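Okay, here's what each chain looks like letter by letter:
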Amino acid sequence: MGETLLKTRRLSKTYVADGVQTHVLGSVDLELYRGDFTVIMGPSGSGKSTLLYCLSGMDKPTAGSVIFEGEDIAQASEDELAKLRAQRFGFVFQAANLVSNLTLLENVAVPGYLKCGRTAKQTKAEAERLIARMGLEEVAAHLPSQASGGQKQRCAVARAVVNEPAIIFADEPTGALNRSNSLEVLDLLSGMNAEGISVLMVTHDVRSAIRGNRVLYFEDGAVRGELELPVWDAAEATDEIYVREREAIANAWLSSLSW
Ligand SMILES: Nc1ncnc2c1ncn2[C@@H]1O[C@H](COP(=O)(O)OP(=O)(O)OP(=O)(O)O)[C@@H](O)[C@H]1O
Ligand SMILES: [Mg+2]
């Protein structure tokens, strides 16, 4: 178990809409460790996305604390949060959400200019390196409308890491992709994790979940179960047996939780 990266204390979230209260997160005590690839699974509506939003400063918890690198981000100002999201966190969602009038290269580079201590030239070079790393050189000058779904999602991964974040938050990043594009995006996330970036990924899919070395089962606004797996080994994973064994372990664990 590594150093703590992020932890919550009695985190709760209640939405109020039209006078109706929905208690989504009960009193969550959770600890994430630096370098981990943590996965969250659980039924639809159980609060996984809400948890991810509260952990990443995209939404304010109703009560409780979210400590990231020693600072309570639940108490942070909007300016501090914006800085944190831009400089320390990376985000990947089900849809790539690229800026439609910027090229793929520009979509990666633009958030990069928010990082301190780097010249514009260095940022551009970093964006170009990532575009190449994601296999997007040939479409770097295309607009999102001229790229495929898989290419756009790979671009979203590049954009998420251009500022060398401490952690990538990914909410069903392969939810809208076919199998081969999903595997490419998962390989990129595993690769980023192998390079030292922590990952927190929400998924419904066992094939995706087995990328994690720690899988949490979330139900009714609380963590109900936890599975530890060896760190994903990209070289071993070229052998289908390695993948099937991990899937079998995860499936047995999920059945025990009545998934
Ligand atoms: N802005 C909001 N206002 C009111 N209720 C909300 C809001 N956002 C989410 N909810 C409710 O909170 C609960 C949890 O939603 P959340 O999106 O976190 O679930 P989830 O586990 O991510 O589900 P899924 O697997 O379908 O994505 C749901 O009952 C949802 O209707
Ligand atoms: Mg969700």
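This structure is a prediction, so every number in the text was calculated from the model and none was measured.

## Some remarks on the overall build of the protein
So, point 1. Along the backbone of the protein there are eight helices and ten strands.
So, point 2. Against the globule reference of 18 Å for 259 residues, the protein gives a C-alpha radius of gyration of 18 Å, in line with a compact fold.
So, point 3. With respect to the principal axes defined by its C-alpha atoms, the protein has extents near 50 × 45 × 40 Å.
So, point 4. At a minimum sequence separation of 6, the contacts of the protein that also span at least 24 residues come to 69%.
So, point 5. Per element, the accessible surface of the protein, about 12000 Å² overall, is 50% carbon and sulfur.
So, point 6. Charged side chains of the protein number 26 positive and 34 negative; the gap between the two group centres comes to 3 Å.

## Some thoughts on the environment of Thr 119
So, point 1. One can find Thr 119 in the loop between helix 3 (104-112) and helix 4 (120-133).
So, point 2. For Thr 119, a relative accessible area of 45% corresponds to the partly exposed category.
So, point 3. Residues Thr 119 and Ala 86, 33 residues apart in the sequence, show an inter-C-alpha distance of 16 Å.

## Observations concerning the packing of aromatic side chains
So, point 1. If you walk through the whole model with that rule in mind, you get eight aromatic pairs.
So, point 2. An angle of 75° between the planes, with centres 4.8 Å apart, marks the rings of Phe 68 and Phe 89 as edge-to-face. Of this pair, Phe 68 sits in strand 4 (residues 63-68) while Phe 89 sits in strand 6 (residues 89-92); the two residues are 21 residues apart in sequence, bridging distant segments of the chain. Exposure class is identical for Phe 68 and Phe 89. Each is buried.
So, point 3. Between Phe 89 and Phe 169, the aromatic rings sit 5.1 Å apart at their centres with planes inclined by 85°, giving edge-to-face as the arrangement. With Phe 89 in strand 6 and Phe 169 in strand 7 (residues 167-171), the pair connects residues that are 80 residues apart, well separated along the chain.
So, point 4. When its relative accessible area of 4% is taken as the criterion, Phe 89 is described as buried.
So, point 5. Judged by its relative accessible area of 0%, Phe 169 is buried.
So, point 6. Members of the aromatic cluster, each reached through a chain of ring pairs, are Phe 68, Phe 89, Phe 91, Phe 93 and Phe 169.

## Some remarks on the sheet that holds strand 1 (residues 4-17)
So, point 1. As summarised here, the arrangement of the four strands in space is 2-1-4-5, forming an open sheet in which the pairing is antiparallel. The open sheet has two edge strands, strand 2 (20-33) and strand 5 (71-72), and neither has a second partner.
So, point 2. Inspection of the sheet shows strand 4 paired to strand 5 by two bridges, in the antiparallel sense. Following the sheet pairing, Ile 67 is matched in strand 5 by Asp 72.
So, point 3. On top of the sheet, helix 1 (residues 48-55) reaches strand 1, strand 2 and strand 4; it is set at about 60° to strand 2, its chief contact.

## Observations regarding the nonpolar core
So, point 1. The biggest cluster of nonpolar side chains holds 51 residues, and the ones touching the most others in it are Met 41, Val 108, Met 134 and Met 201.
So, point 2. Ranked by the residues each element gives to this core, the list is headed by helix 5 (residues 149-161), at six residues.

## Looking at the site of ligand 1
So, point 1. Around ligand 1 lies a shell formed by Tyr 15, Val 24, Pro 43, Ser 44, Gly 45, Ser 46, Gly 47, Lys 48, Ser 49, Thr 50, Glu 172 and His 204.
So, point 2. A distance of 2.7 Å is found between an oxygen atom of ligand 1 and a side-chain nitrogen or oxygen belonging to Lys 48.
So, point 3. Notes on ligand 1: free accessible area 640 Å², of which the protein chains cover 61%.
So, point 4. Ranked by residue count, the leading element in the shell around ligand 1 is helix 1, at three residues.
So, point 5. Among the residues forming the shell around ligand 1, the class breakdown is three nonpolar, seven polar and two charged.

Rules of the game
Residues numbered from 1 in each chain as written. Chains lettered and ligands numbered in written order. Predicted model: local features only at pLDDT ≥ 70, side-chain atom pairs only at ≥ 80, totals over all residues. Heavy atoms only, no water. Helix = DSSP H or I, 4+ residues; strand = E, 2+ residues; numbered from the N terminus. Rg over C-alpha atoms; globule rule 2.2 N^0.38 Å. Contact = heavy atoms within 4.5 Å. Areas by Shrake-Rupley, 256 points an atom, 1.4 Å probe, with all protein chains shown as cover. Lys, Arg positive; Asp, Glu negative; His and termini not counted. Charge placed at Lys NZ, Arg CZ, Asp CG, Glu CD. Buried < 20%, exposed > 50% of the residue type's maximum accessible area, 1.4 Å probe, protein only. Phe/Tyr/Trp six-rings, centres within 6.5 Å; stacked < 30°, edge-to-face > 60°. Pairing = 2+ DSSP bridges. Axes fitted to C-alpha atoms, helices over the stretch in contact; angles between N-to-C directions. Core = buried A, V, L, I, M, F, W, Y, C linked by side-chain atoms within 4.5 Å. Near = heavy atom within 4 Å. Polar contact = N/O pair within 3.5 Å; in protein donor to acceptor, adjacent residues only side chain to side chain. Nonpolar A, V, L, I, M, F, W, Y, C, P; charged D, E, K, R; others polar.

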